[in-house]
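The lines below spell out each chain.
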Amino acid sequence: MTTTANELSYRIEQKRNINGAFPGPKSQALAERRAAVVAAGVASGVPVYVEDADGGIIRDVDGNSFIDLGSGIAVTSVGASDPAVVAAVQEAAAHFTHTCFMVTPYEGYVAVAEQLNRLTPGDHAKRTVLFNSGAEAVENAVKVARLATGRDAVVAFDHAYHGRTNLTMALTAKAMPYKTNFGPFAPEVYRMPMSYPFREENPEITGAEAAKRAITMIEKQIGGDQVAAIIIEPIQGEGGFIVPAEGFLPALSAWAKEKGIVFIADEVQSGFCRTGEWFAVDHEGVVPDIITMAKGIAGGLPLSAITGRADLLDAVHPGGLGGTYGGNPVACAAALAAIDTMEQHDLNGRARHIEELALGKLRELAAEVSVVGDVRGRGAMLAIELVQPGSKEPNAELTKAVAAACLQQGVIILTCGTYGNVIRLLPPLVISDELLIDGLEVLAAAIKAHA
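Residues numbered from 1 in each chain as written. Predicted model: local features only at pLDDT ≥ 70, side-chain atom pairs only at ≥ 80, totals over all residues. Heavy atoms only, no water.

**Side note on unusual backbone geometry**
And then number 1: That bond from Phe22 to Pro23 is cis: its omega, 10°, falls within 30 degrees of zero.
And then number 2: Its location among the elements puts Pro23 in the segment before α1 (25–37).
And then number 3: Between Gly183 and Pro184 the backbone carries a cis peptide bond, its omega angle lying at 5°.
And then number 4: Residue position: Pro184 is located in the loop between α6 (166–171) and β6 (189–192).
And then number 5: Residues other than glycine seldom take positive phi values, yet Cys100 does so here, at roughly 80°.
And then number 6: By the secondary structure assignment, Cys100 is in the loop between α3 (83–95) and α4 (107–119). (Helix = DSSP H or I, 4+ residues; strand = E, 2+ residues; numbered from the N terminus.)

Set out below in structure tokens:
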């Protein structure tokens, strides 16, 4: 049974409250310290410094309380200080913070692997490897695919985001700020057209037809027998929360299987109840050969993973996979507690409830103003694409203005998209209905005021 908002308890009052102009004096003082020691290339979207966070609220050092509609980019799905995660971390840290699984292993790593093998799609034999970040998981998924197939080429898609390391920058589509002046990039990466229903030249194109378009290009430009892996976000994240047309993913997956290509689902942002299923591929019954995970996996602690077919991962020679911090014992304890919280509170059901509650309000807004071109998403991974009135021309300026206006009213929202014109909503799955509605009303008012 799905946990309702009334059954959730919170340590911090779940109410937005802005005490005055911000950033306040304490945040300003921290900003001055930061400027003297932190590299300018590390940017922050919100100019306040966090003191505490719980449920759907972030409180800054000056006592302002903000509604959190970003979850640290889909990380704190169970909340930023879930009691079970906190207790598990305290217990684990009291025993040992690190030994390195490659030197002296421990049960927590094995237990997380067992859980991931259970929760990921498919009933085939699976193996799991733990790492630290989403980019690291993606890198290793590609390593496994290349070794297992003996092929080099990797196919990624328009609007994709897979990380900031050299290989994952090559896989990522957006130049600025992720790739500009950071090359040269890893070779043998090929980009194909994504199914982007709102921006298709032919609005009637089906998912299967969009997949055929990509497959034809792969066959012509690379050759199916030369491709080691196809990697795709089932719902694209940084690219704009793009949900491909129904049938696109199953058709790609089926063709990959036919050609002996490893189909990698990058679920770093969309996994762990975010879309109302454990993984976004579950919505269409797609079973990837390898799935990459991070973000929501461990309640805020750094942990990532790849889980895949046993024959693929076991093909790698001993010592070929790993890393000093991969599967840190404290992070493993947090992951086990976070997964338990997700199951106990049926956060898949909560995500579906958030979708039902939010989409209705967002679609009402779209009917009122001409600057909302599209409303899309699944579960608690929702987006509004803003456009110039009466067109599909991206409206990045309006998107920035709306985000700034929401912040002034005590609501933190994130933006994204290849064209910088998408507002993405990633509330903690434990946010109360009242707080979510308040945040959505502030967002709607900001869009109307600036439209």
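**Notes on the packing of α3 against helix α10 (residues 329–344)**
And then number 1: Interhelical geometry of α3 versus α10 gives an angle of 155° and a closest axis separation of 8 Å. One element, α3, and the other, α10, form an angle in the roughly antiparallel class. In terms of crossing hand, the pair formed by α3 and α10 is right-handed. Contact residues: Ala84, Val85, Ala88, Val89, Ala92 and Ala93 in α3; Pro329, Val330, Ala333, Ala334, Ala337, Ala338 and Thr341 in α10.
And then number 2: Classifying every residue of the contact of α3 with α10 gives 12 nonpolar, one polar and no charged. (Axes fitted to C-alpha atoms, helices over the stretch in contact; angles between N-to-C directions. Parallel < 35°, antiparallel > 145°, perpendicular 65-115°, else oblique. Left-handed = near helix turned anticlockwise from the far one by under 90°. Contact = heavy atoms within 4.5 Å. Nonpolar A, V, L, I, M, F, W, Y, C, P; charged D, E, K, R; others polar.)

**Overview of the sheet that holds strand β11 (residues 372–378)**
And then number 1: Spatially, the four strands line up as an open sheet ordered β11-β12-β15-β14, and their pairing is antiparallel. Each edge of the sheet is formed by a strand with only one pairing partner; in this case those strands are β11 and β14 (414–416). Across this sheet, the average inter-strand angle for adjacent strands is 25°, counted without regard to direction.
And then number 2: Pairing analysis gives six bridges linking β11 to strand β12 (residues 381–386), with the strands arranged antiparallel. Note that in β12 the partner of Asp374 across the bridge is Glu385. (Pairing = 2+ DSSP bridges.)

**Some details on the pattern of salt bridges**
And then number 1: Counting across every chain of the model gives 17 salt bridges.
And then number 2: A salt bridge links Arg59 to Asp52; its shortest N-O distance comes to 3.4 Å.
And then number 3: Taking the shortest distance from any N to any O, the salt bridge between Glu385 and Arg199 comes out at 2.8 Å. You can see Glu385 sitting in strand β12 and its partner Arg199 sitting in the loop between β6 and α7 (207–221), a full 186 residues away along the chain.
And then number 4: On the basis of relative accessibility, which here comes to 0%, the residue Glu385 falls in the buried class. (Salt bridge = Lys/Arg side-chain N within 4 Å of Asp/Glu carboxyl O. Buried < 20%, exposed > 50% of the residue type's maximum accessible area, 1.4 Å probe, protein only.)

**Comments concerning empty space enclosed by the protein**
And then number 1: Scanning the model with the defined rule gives three cavities of 30 Å³ or more in all.
And then number 2: Lining the largest cavity are Thr120, Pro121, His124, Lys126, Pro288, Asp289, Ile290, Ile291, Thr307, Gly308 and Arg309.
And then number 3: For the lining of the largest cavity, the secondary-structure elements that each account for two or more residues are β9 (290–293) and β10 (304–309).
And then number 4: Looking at the lining of the largest cavity element by element, the count peaks at three residues for β10.
And then number 5: Residues belonging to the lining of the largest cavity are distributed by class as follows: four nonpolar, four polar and three charged.
And then number 6: Taken as a whole, the second largest cavity spans an internal volume of roughly 40 Å³.
And then number 7: Lining the second largest cavity are Ile354, Ala358, Ala380, Met381, Leu382, Leu425, Pro427, Leu436 and Leu440.
And then number 8: When residues of the lining of the second largest cavity are traced back to their parent elements, those giving at least two are α11 (347–368), β12 and α13 (433–450).
And then number 9: Tallied by class, the residues present in the lining of the second largest cavity amount to nine nonpolar, no polar and no charged. (1 Å grid on protein atoms, 1.4 Å probe; cavity = no way out; pocket = protein on both sides within 12 Å on 5 of 7 lines; lining within 4 Å. Points joined across faces, edges and corners; volume = space filled by probe spheres on them.)

**Quick look at the nonpolar core**
And then number 1: Judged by nonpolar contacts, the single largest core of 120 residues is most densely connected at Phe157, Ile230, Val402, Ile413, Leu443 and Ile447.
And then number 2: Looking at this core, the element that brings in the most residues is α10, giving 10 residues.
And then number 3: The contacts of Phe157, once residues within four sequence positions are left out, are Ala173, Arg191, Met192, Pro193, Met194, Ala214, Ile230, Ile231, Ile232, Gln236, Phe248 and Leu252.
And then number 4: Membership of the second largest hydrophobic core comes to 11 residues, among which are Ala74, Phe241, Val243 and Leu414. (Core = buried A, V, L, I, M, F, W, Y, C linked by side-chain atoms within 4.5 Å.)

**Description of the pairing of strand β15 (residues 422–425)**
And then number 1: Alternating positions in β15 separate into two faces, Val422 and Arg424 on one and Ile423 and Leu425 on the other, with burial throughout.
And then number 2: Two strands pair when backbone bridges link them, and β12 and β15 are joined in this way by four bridges, in the antiparallel orientation. For Leu382, the partnering residue across the bridge sits in β15 and is Leu425.
And then number 3: By the bridge criterion, three bridges tie β14 to β15 in an arrangement that is antiparallel. Residue pairing across strands places Cys416 opposite Val422, the latter belonging to β15.
And then number 4: Between β14 and β15, which pair antiparallel and follow one another directly, the connecting turn spans five residues, one of which, Gly417, has a positive phi of 105°.

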